[in-house]
Structures are given as C-alpha cells and as structure tokens.
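Topology and contacts: notes
Take a look at the letters that make up each chain.
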Amino acid sequence: MKSLTKQEFLRAVETKAQRMFGRTSRRISRHQLYKAIAMVVRDLIMERWSYSREIMHNQPGRELYYLSMEFLMGQALGNNIHLLEIEDIVEDVCQKFGISLDEVVDEEPDAGLGNGGLGRLAACFLDSLTTLGMPAHGYGIRYEYGLFKQKIVDGYQVELVDPWLEDGNVWEIAVPEDAKTVRFGGYVEQTQQNGRLIFEHKGFQQVKAVPYEIPVLGYKSSLVNTLHLWGARAVKHMDMNLFGQGKYIDAVEEKELAEVISKVLYPEDNHLEGKSLRLKQQYFFVSATMQDIVGNFKDKGHDIRELADKIVIQINDTHPALSIPELMRILLDEEGLGWDEAWHITTNTFAYTNHTIMEEALEKWPADLFRDLLPRLWDIVCEINERFTKALWDKYPGDWDKIARMAIVADNQVKMAHLCIVGSFSVNGVAQLHANLLKEMVFQDFHEFYPGKFIGITNGITFRRFIHHSNPNLADLITDKIGDKWLLDTEVLKQFAKYAEDVDVHARLQSIRAQNKLHLASYIEKHNGIQVDPNSIFDVHIKRLHEYKRQLLNVLHIMALYNRLLDNPDLDIPARTFIFGAKAAPGYRMAKLIIKLIHSVGEAVNNDPRIKNKLKVVFLENYRVSLAELIIPAADVSEQISTAGKEASGTGNMKFMLNGALTIGTLDGANVEIREEVGDDNIFIFGLTSDEANSYYKEGNYYPQDILEQNSELNLILEQLINGFLPVEHPDMFKEIYEGLKYGHGGMADPYFVIKDFASYQNAHSQIGEMYGQPEKWWRKAVINIAHAGRFSSDRTISEYSERVWRLPRFRTL
C-alpha cells in the first residue's frame, strides 16, 4: 500500500473538504475536518482491503466466522491512524488547521455496538486475528442506537438515546445487493416428495437484512479482515393505499415494526414484547449470517459437505445459539441433506465460548414464544432435544432427574446454553478458574457426558489500543528499554522486569503517570466540576454496574474512611480520589440505587471541609471505550473486587495491569492468573475464595448480622444508610440496600458477601495506603505488573484458540 507524505495527505484532506462539503480549508468546521481526514484514512485502507478479500477468496485454508451480539469497537479514526503508523503526519496536518489530532478524534462518537466486556473482547479478538494474519469475519447487528447514553441527574441515572449513527458512519460500506430475507411466525407444512419429508414454511412475515461492512486493520499486517453488521429493513417500504386514505401511521407500521429489530442493543425483556423483540433480534442476526456464510462458501465452488473442513464458527456467548438449528435448517431444507449428515457437519463446525456461571444469565426462552416466532426452528430444536435425551437415556437409564437437568427443552423453556454445548465440538471458559467452575459445577453433567469438550482459554486484550495508542509515553519507555518486539511478541515484555529496581525507570514511570493524572483531572473538572488532587491515589472502579461486581463494597469502604476522618481530620492517610464509571441496565433497580448512593456519598465527602480534601468521589457518566482510554493510564489502583466465583474472567484487570496500576481484588476470574504471574507481593488479594463462597451458598450458614454485631464500625455505616447521615431526598432512600445486606429480600441476606469481605477489603486498602507512601516499593511493583502482562495479550488468546480449536492459517504478507 502506497504511503502518503505530509503534503500529499494535506492535499487529499483539502480535496475531500471541497468535494464533500464545498468548503475550503479556511471555512471547514471541526466535524467536517474529522470526516475529511477519516475519508482520506479510509481511502488508504481500501486498497489493502480489496487485495485481502481477493486472497481470502482463493486461499485453501480454514476461515473463522466470529458471531457476537456485541462489538465494542470504540472510536475508529485514532485507532486506524495508529495502526497505519501515520500519527505524526496526521498530527502535523491537523496543526495546519489550528486543531490537535485528539480534538479531531473526539469528534467521532463511540460506535454503539456493545455494552461491556463481551463486546470489548470481541473487538480485541478482531484486532489480534488481523494482526496475526488469520482470515476471519466478525458478524453482528448494526444497531441504529447504542445501549443508551447515560446522563446523571441529581445522582440518578437517566437513559438517553445514543444516536451514534445520526451523521452516518464513515467506516462502513452498505451492500444492499447482498441483502438476505429472514422469516418470522407462520406455520410449517409437511409433505412427501420422492419418499422424503419436505418441510414448507408458510404464512410468515419477512424482514430484509442489509449488510454493512467495516474493514478491520491489524498492526504491521497487510491483511484486512471484515466486520459484517446487519441492518433490518422492511420488505415493503410503505402502504401507498393506506397513505392515500390519510392513515399515515398505519401506512408505515409494517416498515417500523420490521426495522425496530436493529434499533437498540438489548431491549428490555421484562415483558412479553421485549422478550419477543430480543428473540427476533437474535434470529434475525443468525439467519442472515448463516445464509451469508453458506452462500459465500458455495460461491467458492466448495461442496457443502466440506463445510466443517473449511470453516469454523465461534459463538460468543449464547446470543448467537440459534445459528446451530439455523444451519441445520439450511442443510436439511435447502441443501437436501439427511439428518445424520447435517448434524455431523453442524457439530463439527461450531465452537462455543461461555461467559458466565450465573444461572440467571444463562439464556432461556419460553417454549410458546419460541414455537410461535420460529416454527421451523422449533421443530429442529425439538428433534435435537429428542435425539440428545435418547442418548442420555442410553447412558443413564432411569435417571430422569439428570436427563431433565440436561435437556435442551424442559419445563416449557428452551435452554440456549445446553443447545450450544450439544451442538458444538468445543466449549471454553474464559479463565482457568471459570473453566474449572463450568466443569465442576455449572455444567458438571455435560462435562461427564462429553469428556474433553470443555477447555479453558483465558481472555486477553489488545496491547495496540490499550497501551501503545492510549498510553504512548509508557509504550515508548518500554521500547526504549527492551526494543519494540514486545508489541507483536508480548512474552518479550518480561524483559522489562529487570528494571524493577531501577530508580530512573521508577522516576520516568512516576512522571508519565503524573502527566496522565493531570489529563484525567482536567477532564473531571470540566465534566464534573470537581477539583481533584493529581497527587492523590487515583483508585478506579470502572465496570458494568452489577451487585456481584460490588461497587457497593467500595462505597461502604469510602464511608468508613470518611467516618475516620470525621473522628480525626489529621489522620495520617494518603489522599484518595475514588473514580467510578458504570452503566446500570435500565430495569435493574438495585444497580441504579447503588449509583445514587455513590453520588450521595460523593456529595457529602466532596463538600465537607472538615476532611481537608483527603477524599474525593467522582462518578464519570456515560462510561465508554474512549473514556476508558483516558482513565486507565491515570489509575494507581485497579478495583477488581467481584464476589469470588462470579466473574468469568474480566479484561479491565488486564488493561490496568499493563499500564502499571496495582490490583486490589478477590481470587476471581483472571485475577487468579494475574496473581500467578506477579506473585503475592505485587497484588492486594482479599476476601473469600470461590470454594468458600460456594460452601456458604450450599450450606446456607452465612449470617451477616453476626458479623455486624462484632464490627461496630461497619454496623454504623449501615445505619448511616437510613438515619439521615447522607444528603438524600428522604431517609428511606437506601433502605432497600440496608435491608438486603442485613436481612435479604425473600432470600439469602447479603448474597454477594459484602459484609463478609468488608474487613478483609479494608485491611487490603490499608496496605495500599502504606505502600503508596513508599515510592520505591510502589513503582517496583508497577514494573513487575507491566512486565508480566504479556500472558494477557489477546494475541496469545487468539493463538491458543487457533491451536486448540480453530486451526487457522496465517498470512503475514499478501
């Protein structure tokens, strides 16, 4: 690919401005400049992309199809400029227009294609697949609106529309000529033809799936992979007859009902209409995808019977599970294969990644809804279930309880995780602890029935975005000391450990961190109106808001520190700034109440002169990828404090570690492996283990009130939730939190062990405060964390998937 000089790039931008907007460089707006620069960058990508497509079409090896409901890509312009290695050129060109590159990049909204770790992991995987030269396609939905844009009003989360596509998306290419048709509802008729059963779907509604393609670059790789996103469109635009009668809403009703499928990520499903829309979304996604995969496969001249030899389909969590029966439908009804042959192909094509052990997060669909909405797939799923339960009966004759537990269709529900396990050749957890819990607890019966099918492949993150791009000064320091091979071979990063005692490296790390903290402090003052001390400990907790992630434990500890400072304003502890970023699901009442609690504690702490600015509490609204890129390089402490056994892996812990923050965490998810890498002295571990937590769940012998009777400090904090101590509209504001911790809500009290782990958590924080006052020890630990982060690169993760599951070829040069 031909590179551009600075002058050539400038001329290209000026030409784009003139031809796209009719503006000279003197009259162009900031947003128009963003689009002009993005279009020039896109042009640089296009040639490489076209060659990649041609090579991949003709290459004889396997290809990966990665199916995910989420791809949390963040902003594309800065990342693409970085991967093309033209930052200096573009920065100079921006200066010609009197603006910085960062300001131009910030004109781009974060792509509203995901919510949390699931989507960010998928984005990291696409980066690593391309960097490693592995042919792959991502498939998802082109949501017109993101999950929501979070606004905090008087401490309450308010959900606003996230119209990330209102000004278009520079990076996508619509391909309407490749649209697919997806069918819902209706009924199935069986007929005989030449002695063979024929299933005909009739009386259905149709929706058109239009593909949009986005190029995915890698680092120092000439391969460009593709992210395919489906947009829902009506087959019929408008009923002109109704429109002519003045029935304008009725005229477009069919169009609106069709297109709502791809309007919003994760519509609320606490009512039947929401459940129906979610199920429609998932089938719309997988039906269009499987039609596309099979069509492309046949266009290459392959025999459909070779499908499992030529491609592999990875299901990212259970959302794409319907792709299994949908492939069966295509093989049976459209390709004319028999059941056994179709099932053999299907079960050798799919692999499934599980992301949760929490029962409530394992998707189940009401059988009646499934049958009405997807009648042909219902028949196929029932047949899969019938054959599977017969195999179970053959192995466990008479064991009805086991068969009922393992069935795909049971208790008037369709269990999607069970469908994924039965229909895949590989099932993986995303950390070693998680994989063990799947085998020993959640899917123990399946592990016994399918020995060898369950494996563990620990998640990873892309170093290109989360250090090289977002923390370039730290990346430069590492490269200065050990060379630049670590960016493609992250195990080389271990060489940085020899600088653990180097005071010069400590000083440079401290200077880099201080600069990053100043940038974040400036953002906080601008957006929150809160002045924070850059010399304080920046203690960061940025995750989706969920009770098991225990933001509540963090805020109760802040209240403990506040109480101690009220008792003794001269208490000798380091100043701390506690930084939160989290979205709560719109229907998750308790999570939203915890956000209100964080703000109420912040209001008290931030405005109390008695504590002499030793504590600050900041909640950064609308947490997203681009904000994470600002926060993570500035963090001193990484809060990874989920209830042990609840977090599958986590990837935020890896990002913080890579950037030199020290982790306070439980032995949960990938924290276990981080501790293995850095050693006990370089991580602050506290709390119950997963075995201990599971023992309490099993035995039912956990009584938080016994602990409160022995811990007067913690008991006082709980009383302060309801006695008017905090600035709230009414004293019962947090009564639900109080009662949940002490008594439970019709179930176990304190089910996430906030009370149980509090003292241990408090002690770990005391160790942090003491260590922060000893810079030589603190920065030694930081160096060790950075040096041992190589294990958590998504390059390593993808290489392991390829070796153990996918068996993909690699292209370094095209």
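Before reading further, recall that the structure is shown in the block above.
The structure displayed is predicted, hence computed values, not measured ones.

Observations concerning unusual backbone geometry
- With phi around 60°, Glu-85 is a residue other than glycine that occupies positive phi space.
- Structurally, the position occupied by Glu-85 is in the loop between helix H3 (77-84) and helix H4 (87-96).

Here's the deal with the layout of surface pockets
- The computed volume of the second largest pocket comes to approximately 500 Å³.
- Around the second largest pocket, the lining comprises 23 residues; the ones closest to its centre are Arg-53, His-137, Glu-213, His-228 and Asn-296.
- The residue makeup of the lining of the second largest pocket, split by class, is seven nonpolar, six polar and 10 charged.

Things to note about helix H29 (residues 712-720)
- Along H29, the residues that are buried comprise Leu-714, Ile-717, Leu-718 and Gln-720. Viewed end-on, H29 has its buried residues packed into an arc of 160°, placing them on one side of the element.
- Its buried side turned inward, H29 meets helix H22 (551-567), helix H28 (704-710), helix H30 (735-742) and helix H31 (754-772).
- Backbone nitrogen of Glu-713 and a side-chain oxygen of the N-cap are separated by 3.3 Å at the start of H29; the cap is Asn-711.

With respect to the packing of helix H12 (residues 339-347) against helix H14 (residues 375-395)
- The contact between H12 and H14 brings their axes to 13 Å, and the two run at 90°. Classified by the angle between their axes, H12 and H14 sit roughly perpendicular to one another. Residues Trp-339, Asp-340 and Trp-343 of H12 form the contact with H14, whose own contacting residues are Ile-380, Glu-383, Ile-384 and Arg-387.
- Looking at side-chain class alone, the contact of H12 with H14 contains four nonpolar, no polar and three charged residues.

Description of the sheet that holds strand E19 (residues 576-581)
- With parallel pairing, the six strands of this open sheet are ordered in space as E20-E19-E18-E21-E22-E23. The sheet terminates laterally at strand E20 (615-619) and strand E23 (684-685), the two strands that pair on one side only.
- Here two bridges tie strand E18 (residues 537-542) to strand E21 (residues 637-640), and the two strands are oriented parallel to one another. Bridge pairing links Asp-539 to Val-637 in E21.
- Across the face of the sheet, helix H21 (residues 503-528) comes into contact with E18, E19 and E20 while running at roughly 70° to E20.

The rules behind the values
Residues numbered from 1 in each chain as written. Predicted model: local features only at pLDDT ≥ 70, side-chain atom pairs only at ≥ 80, totals over all residues. Heavy atoms only, no water. Helix = DSSP H or I, 4+ residues; strand = E, 2+ residues; numbered from the N terminus. 1 Å grid on protein atoms, 1.4 Å probe; cavity = no way out; pocket = protein on both sides within 12 Å on 5 of 7 lines; lining within 4 Å. Points joined across faces, edges and corners; volume = space filled by probe spheres on them. Nonpolar A, V, L, I, M, F, W, Y, C, P; charged D, E, K, R; others polar. Buried < 20%, exposed > 50% of the residue type's maximum accessible area, 1.4 Å probe, protein only. Arc of directions from axis to C-beta. Contact = heavy atoms within 4.5 Å. Polar contact = N/O pair within 3.5 Å; in protein donor to acceptor, adjacent residues only side chain to side chain. Axes fitted to C-alpha atoms, helices over the stretch in contact; angles between N-to-C directions. Parallel < 35°, antiparallel > 145°, perpendicular 65-115°, else oblique. Pairing = 2+ DSSP bridges.

All we've got here are geometric facts, nothing functional implied.
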